[in-house]
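# Structural features, examined
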Amino acid sequence: MNKKKFMQFLMLSLACGTFFALGNTNTAWAAPAQITAPAETIVASQLDNHWDRKFPVNANVKQQKITFHNRFGITLVADMYVPKSMHKGSKLPAIALAGPYGAVKEQVSGRYAQELASRGFVTIAFDPSFTGESAGLPRNTTSPDINTEDFLAAVDYLSNNELVDADKIGILGICGWGGFALNAGAQDPRIKGIVASTMYDMSRVIENGYFDEGKDPEVLKKERMAARKQLAAQRSLDYKNGYYAMAGGVPLQVTEKDPQFVRDYHSYYQTERGHHERSFGSTTGATLSSVLNFTNAPINMFIDEIEAPVLLIHGEKAHSRYFSEAAYKKLKGENKELFIVPGAVHTDLYDKMDVIPFDKIEDFFKKSLR
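We now turn to the structure provided with this report. (Residues numbered from 1 in each chain as written. Predicted model: local features only at pLDDT ≥ 70, side-chain atom pairs only at ≥ 80, totals over all residues. Heavy atoms only, no water.)

So, on to the overall build of the chain. Per the secondary structure count, the chain includes 10 helices and 8 strands. Computed over its C-alpha atoms, the radius of gyration of the chain comes to 22 Å, within 12% of the 21 Å expected for a compact globule of 370 residues. When the 370 residues of the chain are sorted by exposure, 51% land in the buried category. Long-range contacts, defined as pairs at least 24 residues apart, comprise 72% of the intrachain contacts of the chain with a sequence gap of at least 6. For the chain, the accessible area works out to roughly 18500 Å², and carbon and sulfur atoms hold 54% of it. Between the averaged position of the 42 positive side-chain charges in the chain and that of its 42 negative side-chain charges there is a distance of 4 Å. (Helix = DSSP H or I, 4+ residues; strand = E, 2+ residues; numbered from the N terminus. Rg over C-alpha atoms; globule rule 2.2 N^0.38 Å. Buried < 20%, exposed > 50% of the residue type's maximum accessible area, 1.4 Å probe, protein only. Contact = heavy atoms within 4.5 Å. Areas by Shrake-Rupley, 256 points an atom, 1.4 Å probe, with all protein chains shown as cover. Lys, Arg positive; Asp, Glu negative; His and termini not counted. Charge placed at Lys NZ, Arg CZ, Asp CG, Glu CD.)

Put into structure tokens, the structure is as follows:
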């Protein structure tokens, strides 16, 4: 940095009230004040732990509820899965899991977590902030920043857990949380392996709507501005009313006129197959106004800087396949792979054990977390 640029940087820093202790300087700086970490507001041992998950118990795995906090002071609740064959005093590679967007840990992420634990990993499937059993108000709120932070907070927890080798931590996101997993991987070099299964880029789909490939950029811009005006007006109305309007979950009823992917979502979220009372996909949807900040917060902007290995998994016939294909094109180097599952639609990768490529996922994490 030349002298002129350095002075500009220093003056800007001082103007913002920020002091940097630069290397090789004789200036004595006062030690920064410490801020105590937030007290967790939920006690894991006091939570109901009856088996209300949408998948059967695996007899080879131990499960317990745990809590951890993120940097916003929100307490998150997770199910931890540990192989019963784990030896006392040993440490294993670990994986944090979340998703899909609108789901809870008792649905898809827990299914993945339990299966991967049976294959030799310590895993945690967590409820994102504001959802499920995790804390945060208003309920069922989403955020590109906080949802990414939830993954980083899970890494904080795992890196300090006595069962975990802190140098061998990966993350796995499903559907919308696949996009957040990539964003987290672009931020945090502690993450040594990233899997995104049947990924949605939530920023892109909220900014542009579905199937935006080839659409006129000016048309997309006008549609985006119209959506922003509507959502901004909703914020004013929410404040006036004292409650938040909800976007609505997956439709309770569908017909042959609905797009196939909507019928696929209904088949999961609104039937015994996957319905869960704490899932906003099954119930209210997200708070409507909370999607506004996705319209100018592209979560996958820096994924080309991910250094850790990345595995993208998508169904051949999934309506969402283009999200993974676009992410794959943006990823750089030899650390990426796009694995297409023949014949699979988006929701097949939620719960169909004969479709989800667990052997592939196991092999990926054993190599990237070794």
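Ring pairs (aromatic) are described by centroid distance and by the angle formed between their planes. Under the defined criterion, the tally for this structure stands at 24 aromatic pairs. For the pair F126 and F151, a centre-to-centre distance of 5.4 Å together with 90 degrees between the ring planes defines the contact as edge-to-face. Of this pair, F126 sits in strand β4 (residues 122-126) while F151 sits in helix α3 (residues 144-159); the two residues are 25 residues apart in sequence, bridging distant segments of the chain. Of the two residues, F126 and F151, neither departs from the other in class, the shared state being buried. Note on Y210 and F261: the rings are 5.0 Å apart at their centroids and 50 degrees apart in plane angle, and the pair reads as tilted. Note that Y210 is positioned in the loop between α5 (202-208) and α6 (217-241) and F261 in helix α7 (residues 260-269), a separation of 51 residues in sequence. Since its relative accessible area comes to 34%, Y210 is described here as partly exposed. Under the relative-accessibility criterion, F261 is labelled buried at 14%. The lysine or arginine in question, R53, covers the ring of W51, its NZ or CZ lying 4.4 Å from the ring centre. Cation over ring: K336 sits above Y328, and NZ or CZ is 4.5 Å from the ring centre. (Phe/Tyr/Trp six-rings, centres within 6.5 Å; stacked < 30°, edge-to-face > 60°. Lys NZ or Arg CZ within 6 Å of the ring centre and 35° of its normal.)

Between α3 and helix α4 (residues 176-187), the least distance of the axes is 9 Å, while the angle of their chain directions is 70 degrees. One finds that α3 runs roughly perpendicular with respect to α4. Considering the relative orientation of α3 and α4, their crossing is right-handed. Two secondary-structure elements touch here, α3 through P144, N147, T148, D150, F151 and L152 and α4 through W177, F180, A181, N183, A184 and Q187. (Axes fitted to C-alpha atoms, helices over the stretch in contact; angles between N-to-C directions. Parallel < 35°, antiparallel > 145°, perpendicular 65-115°, else oblique. Left-handed = near helix turned anticlockwise from the far one by under 90°.)

So, about the pairing of strand β8 (residues 336-341). Bridge count for strand β7 (residues 310-315) against β8 is 6 bridges, and the pairing is parallel. Of the residues in β8, the one forming a bridge with H314 is I340. Between the parallel elements β7 and β8, the chain passes through helix α8 (residues 321-330) in a crossover that is right-handed. (Pairing = 2+ DSSP bridges. Right-handed = clockwise from strand over helix to strand, strands pointing away.)

This brings us to the environment of I146. With respect to the helices, strands and loops of the structure, I146 is situated in helix α3. The exposure class assigned to I146 is buried, which follows from its relative accessible area of 14%. Sequence separation between I146 and F180 is 34 residues, and the spatial gap between their C-alpha atoms is 9.7 Å. Contact partners of I146, with chain neighbours within four places excluded, come to N70, F72, I74, S129 and F130.

Below, the discussion takes up the sheet that holds strand β5 (residues 164-174). Strand order in the open sheet made by the 8 strands is β1-β2-β4-β3-β5-β6-β7-β8, with mixed pairing throughout. The open sheet is flanked by β1 (61-69) and β8, the only strands paired with a single partner. Averaged over all pairs of adjacent strands, the angle between their axes in this sheet comes to 20 degrees, without regard to strand direction. Its contacts with the sheet place helix α2 (residues 108-117) against β1, β2 (75-83), β3 (92-98), β4, β5 and β6 (191-197), and it is angled at close to 175 degrees to β4. Against the sheet, helix α10 (residues 358-368) contacts β3, β5, β6, β7 and β8, and its axis sits at roughly 165 degrees relative to β6.

Look at α2 against α10: their axes get within 11 Å of each other, and the N-to-C directions meet at 65 degrees. Seen from above, α2 lies across α10 with right-handed handedness. Here Y112, E115 and L116 of α2 come into contact with α10, specifically with F358, I361 and E362. For the contact of α2 with α10, the class distribution of residues is 4 nonpolar, no polar and 2 charged. (Nonpolar A, V, L, I, M, F, W, Y, C, P; charged D, E, K, R; others polar.)

Moving on to the nonpolar core. F68, Y112, I124, F126 and L172 are the most contacted members of the largest nonpolar core, which totals 94 residues. Ranked by residues supplied to this core, first place goes to α3 with 8 residues. Setting aside residues up to four positions removed in sequence, F68 forms contacts with E40, I74, T75, L76, A78, I124, F126, D150, A153, A154 and Y157. (Core = buried A, V, L, I, M, F, W, Y, C linked by side-chain atoms within 4.5 Å.)

Tallied over the full model, the rule gives 27 salt bridges. Residues D145 and R71 are paired through a salt bridge, measuring 3.3 Å at the closest nitrogen-oxygen approach. Of this pair, D145 sits in helix α3 while R71 is found in the loop between β1 and β2, placing the two residues 74 residues apart along the sequence. With its nearest N and O atoms 2.8 Å apart, the salt bridge here joins R119 to E115. For E115, a relative accessible area of 16% translates into the label buried. Three or more residues are tied together by salt bridges with common partners; here these are D52, R53, K65, D79, K105, E106, D127, E133 and R278. (Salt bridge = Lys/Arg side-chain N within 4 Å of Asp/Glu carboxyl O.)

Over its 16 residues, α3 runs 23 Å from end to end, which matches the ideal 22 Å to within 8%, given 1.5 Å per residue. Across the 16 residues of α3, 13 count as buried, placing the element largely inside the fold. (Expected span 1.5 Å × (residues − 1).)

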